[in-house]
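Close look at the chain arrangement
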Amino acid sequence: MGVIAATPTLAADKLHTKDIQDLIKQTIGELVFVKGGTFMMGDVGNYVTHASYISGDYKLTSPNTKGAVHMPWTFDKDNKPPVKVTLTGYSMDKYELTYGEYDVFTEATGRPLIVKWHLGQKVRGPRHPAAVDWYGAKAYCQWIGKVTGLPFDLPTEAQWEYAARSRGKPVGYATDTGLIDKPRNYGKFTGFPYPVGLFPPNQLGMYDMSGNVAEWVNDWYAPGYADLANKVDPTGPASGTKKVSRGGSFVQSSWGNDVYSRVAEVPNTHNIGVAQGFRCVLNVDHPVTLKDLIQKN
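1. Details of the state of the cysteines
Across all of its chains, the model carries one disulfide by this definition. Two residues share a disulfide in this structure: Cys141 and Cys280, whose sulfurs sit 2.1 Å from each other. Measuring handedness by torsion sign, the sulfur bridge of Cys141 and Cys280 sits at about -90° and is left-handed. Taken together, the residues span a long stretch of sequence, with Cys141 in helix α4 (residues 134-148) and Cys280 in the loop between β12 (276-277) and β13 (281-282) at a distance of 139 residues. Owing to a relative accessible area of 0%, Cys141 belongs among the buried residues under this scheme. For Cys280, a relative accessible area of 1% translates into the label buried.

The structure is reproduced here in structure tokens:
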């Protein structure tokens, strides 16, 4: 990570139609740079009063507050204990990939059009998150890397969590406050996803990392983070049978859409119980702009 591996290509050849050119500009313009650092990955918990934890109305407090207890954010077992992880800087899509963006990819590569969600979604707008299996998500990120000449990929699970937590802060949700505050920073249940970016982003500038759709990451699933401990830029298990998605989705309650819960699905899952989308990362350790691309051409 950390080096631009190929010269970007913006030539007007048969591969680069106007739609692809526009998509490249949009993609680069909507990246958020995530400065690298070290954090505790996994459910770090926080100090709350026992009553507020039980009620679900998390009131964060200090260890010295009367009645304060250090409670986990989730009851899950596969995100504990937290482990120390170090990440090199990278950039990430501020929004989940949309049908408008994914349709450019399917047309350019001759893939079939993704029509709708399996759950009977009533909308398929150009700014609604695209529903794909892991292979489709991976293929898109690799393709956008090919047409830009830059090292795009799906985020690792560590990269996803670090960004969702605004560079590893001990928060429960990827919102502007780290908590759910409906309807100001989180939408009511509609039975299908919202267009991306309707509610405030987290403090890093990332939208919809809690709720809307679950998001595929690159890693194979393992029950716990032991293999990631004290590593730099960990990529997860070398093999497995299921891939990880993160962030919850519109089919779950808002309180279940935290930044710690993990879902393991076979990679060809399109939509069974969890509505999956994705976003890509650019593995370069400095911000990249469209001007950088043009100068490199």
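2. Quick word on the side chain of Asn46
Relative to the assigned elements, Asn46 resides in strand β3 (residues 46-49). Side-chain polar atoms of Asn46 contact the backbone oxygen of Pro170, separated by 2.8 Å. Not counting the four nearest positions on each side in its chain, Asn46 is found in contact with Leu60, Val69, His70, Met71, Trp73 and Pro170.

3. Let's talk about the packing of helix α1 (residues 18-29) against α4
Put simply, α1 and α4 touch, their axes get as near as 11 Å, and they point 100° apart. Between α1 and α4, the crossing angle belongs to the class labelled roughly perpendicular. Contacts from Ile20, Leu23, Ile24 and Thr27 in α1 reach Tyr140, Trp143, Ile144, Val147 and Thr148 in α4. Its residues assigned to classes, the contact of α1 with α4 shows seven nonpolar, two polar and no charged.

4. Some remarks on the layout of surface pockets
Counted as a void, the largest pocket has a volume near 300 Å³. As for the largest pocket, its lining consists of 23 residues, of which Tyr186, Gly187, Tyr194, Gly211 and Asn212 are closest to the centre. The residue makeup of the lining of the largest pocket, split by class, is nine nonpolar, eleven polar and three charged.

5. Looking at the environment of Ala214
By secondary structure assignment, the location of Ala214 is in strand β8 (residues 214-220). Spatially, the C-alpha atoms of Ala214 and Asn257 are 8.7 Å apart, while their sequence positions differ by 43 residues.

6. Regarding α1
Residue pairs three or four apart in sequence face the same way in an α-helix, which turns once every 3.6 residues. With twelve residues, α1 extends 16 Å between its outermost C-alpha atoms, agreeing within 8% with the 16 Å of an ideal straight helix rising 1.5 Å per residue. All of the buried residues in α1 are Ile20, Gln21, Leu23, Ile24, Thr27 and Ile28. The arc enclosing the buried residues of α1, seen along the axis, measures out at 160°, which places them on a common side. For α1, the exposed residues set more than 90 degrees away from the buried face come down to Lys18 and Gly29.

7. A word on the packing of α1 against helix α3 (residues 99-109)
Close contact between α1 and α3 brings their axes to 10 Å; oriented N to C, the two are set at 140°. Between α1 and α3, the interaxial angle falls into the category oblique. Seen along the crossing, α1 lies across α3 with a hand that is left-handed. Along its contact with α1, which presents Asp19, Ile20, Leu23 and Gln26, the element α3 presents Glu101, Val104 and Ala108. Of the residues belonging to the contact of α1 with α3, the class tally is four nonpolar, one polar and two charged.

8. Considering the sheet that holds strand β5 (residues 83-87)
Taking strand neighbours across the sheet as the criterion, the three strands line up as β2-β5-β9 in an open arrangement whose pairing is mixed. The open sheet has two edge strands, β2 (37-41) and β9 (231-232), and neither has a second partner. Relative to β5, β2 runs antiparallel, the two being bridged by five bridges. Looking at β5, one finds that Phe39 is bridged to Val85.

Quick notes on the rules
- Residues numbered from 1 in each chain as written.
- Predicted model: local features only at pLDDT ≥ 70, side-chain atom pairs only at ≥ 80, totals over all residues.
- Heavy atoms only, no water.
- Disulfide = S-S within 2.5 Å.
- Helix = DSSP H or I, 4+ residues; strand = E, 2+ residues; numbered from the N terminus.
- Buried < 20%, exposed > 50% of the residue type's maximum accessible area, 1.4 Å probe, protein only.
- Polar contact = N/O pair within 3.5 Å; in protein donor to acceptor, adjacent residues only side chain to side chain.
- Contact = heavy atoms within 4.5 Å.
- Axes fitted to C-alpha atoms, helices over the stretch in contact; angles between N-to-C directions.
- Parallel < 35°, antiparallel > 145°, perpendicular 65-115°, else oblique.
- Nonpolar A, V, L, I, M, F, W, Y, C, P; charged D, E, K, R; others polar.
- 1 Å grid on protein atoms, 1.4 Å probe; cavity = no way out; pocket = protein on both sides within 12 Å on 5 of 7 lines; lining within 4 Å.
- Points joined across faces, edges and corners; volume = space filled by probe spheres on them.
- Expected span 1.5 Å × (residues − 1).
- Arc of directions from axis to C-beta.
- Left-handed = near helix turned anticlockwise from the far one by under 90°.
- Pairing = 2+ DSSP bridges.

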